[in-house]
Amino acid sequence: MKRQMLLAVLVSSGLIGLMPRLARADSVASVQPPTTSTTIGNTVALNVDISNLADLFSYQFDVDFNPSVLSAIGVAEGSFLPSGGSTFFIPGTIDNVGGTVAFNADTLLGPGPGVNGSGVLLTVDFTTIGSGVSSVDLANLIFLDSTGAPINVSTSGGTVDVGSAVTTPEPATMLLFITSLIALVCLMRVKNRPLLL
């Protein structure tokens, strides 16, 4: 009887211990907005967001893109990790030939707990240089908690759809066209008028 009670207590304890893990949602690093449509020559700012994360102390990852469509021009630290204290941020190395911003990294400084919740890890600014569709994906992710243990994080990329720029006539061209049209109408009226002697 004691053996059955002990077994029941152990099984119950094990199930209760698993409950928080079953209830916790997966952490996701995602490119936001997930889809962007624009034209050539514009600047696009894409955030890398994190959701449902517990005890984040440091991270590192790459951002991959199509270099015939996008050109990376800058990386800025987001507000999520600094909400837990002082940080050391390393903007990634931009390679617009290979299409990557490699080794973006950030860490809290000093001892203490990591940050919980959801927010922006960093922002990458791009210039659109060619028409087409570029996926923007996250690779080589490393997320660590305050004990240095890895945190499992899944990813969700984004896309940027760049169309050809729409050309509109310049005001001077439009003015020249209207003036020519008026002159042509006047000339036709003069030609149709009989000569007076």
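To be clear, the structure that these remarks concern was listed above.
Now for a look at the structure at hand. (Residues numbered from 1 in each chain as written. Predicted model: local features only at pLDDT ≥ 70, side-chain atom pairs only at ≥ 80, totals over all residues. Heavy atoms only, no water.)

What to know about the side chain of Thr128
Phase 1 of the analysis: Within the secondary structure, Thr128 sits in strand E8 (residues 115-128).
Phase 2 of the analysis: Here Thr128 is in contact with Thr38, Thr39, Ile40, Gly41, Asn42, Val44, Val69, Leu70 and Val162, once residues within four sequence places are set aside. (Helix = DSSP H or I, 4+ residues; strand = E, 2+ residues; numbered from the N terminus. Contact = heavy atoms within 4.5 Å.)

A word on the nonpolar core
Phase 1 of the analysis: Residues Leu56, Tyr59, Phe61, Val63, Leu121 and Phe143 are the most contacted members of the largest nonpolar core, which totals 34 residues.
Phase 2 of the analysis: Breaking this core down by element, the ones donating at least two residues are strand E1 (27-32), strand E3 (43-64), strand E4 (70-77), strand E7 (100-108), E8, strand E9 (132-145) and strand E11 (158-163). (Core = buried A, V, L, I, M, F, W, Y, C linked by side-chain atoms within 4.5 Å. Buried < 20%, exposed > 50% of the residue type's maximum accessible area, 1.4 Å probe, protein only.)

Overview of the environment of Thr35
Phase 1 of the analysis: Mapped onto the elements of the fold, Thr35 is located in strand E2 (residues 35-39).
Phase 2 of the analysis: Sequence separation between Thr35 and Gly158 is 123 residues, and the spatial gap between their C-alpha atoms is 5.7 Å.

Section: unusual backbone geometry
Phase 1 of the analysis: Cis geometry is adopted by the peptide bond preceding Pro33, which originates at Gln32 and carries an omega value of -5°.
Phase 2 of the analysis: Among the secondary structure elements, Pro33 is positioned in the loop between E1 and E2.
Phase 3 of the analysis: Phi is positive for Asn52, which is not a glycine, with a value near 55°.
Phase 4 of the analysis: With respect to the secondary-structure elements, Asn52 resides in strand E3.
Phase 5 of the analysis: Despite not being glycine, Phe103 has its phi angle at roughly 65°, a positive value.
Phase 6 of the analysis: Take Phe103: it is sitting in strand E7.

Details of the side chain of Thr38
Phase 1 of the analysis: The topology assignment puts Thr38 in strand E2.
Phase 2 of the analysis: Classification of Thr38 as buried rests on a relative accessible area of 18%.
Phase 3 of the analysis: A polar contact of 2.9 Å, which involves the side chain of Thr38, links it to the side chain of Asn42.
Phase 4 of the analysis: Sequence-distant contacts of Thr38, that is, excluding residues within four places in its chain, are made with Val44, Thr128, Val160, Asp161, Val162 and Gly163. (Polar contact = N/O pair within 3.5 Å; in protein donor to acceptor, adjacent residues only side chain to side chain.)

Considerations on the packing of aromatic side chains
Phase 1 of the analysis: Counting across every chain of the model gives 4 aromatic pairs.
Phase 2 of the analysis: A centroid spacing of 5.3 Å and a plane angle of 20° characterise the contact between Tyr59 and Phe61, whose relative ring orientation is stacked.
Phase 3 of the analysis: For Tyr59, a relative accessible area of 3% gives the class buried.
Phase 4 of the analysis: Given the relative accessible area of 1%, Phe61 is considered buried.
Phase 5 of the analysis: Plain terms: the ring middles of Phe61 and Phe143 are 6.4 Å apart, the flat faces sit at 10° to each other, and that makes the pair stacked. Of this pair, Phe61 sits in strand E3 while Phe143 is found in strand E9, placing the two residues 82 residues apart along the sequence.
Phase 6 of the analysis: Put simply, the rings of Tyr59, Phe61 and Phe143 touch in pairs and so form one group of aromatic residues. (Phe/Tyr/Trp six-rings, centres within 6.5 Å; stacked < 30°, edge-to-face > 60°.)

Some remarks on the pairing of E8
Phase 1 of the analysis: Pairing analysis gives 10 bridges linking E3 to E8, with the strands arranged antiparallel. When the sheet's bridge partners are listed, Val44 is paired in E8 with Phe126.
Phase 2 of the analysis: With 7 bridges connecting them, E4 and E8 associate as antiparallel partners. Opposite Ala72, over in E8, you have Phe126 as the bridge partner. (Pairing = 2+ DSSP bridges.)

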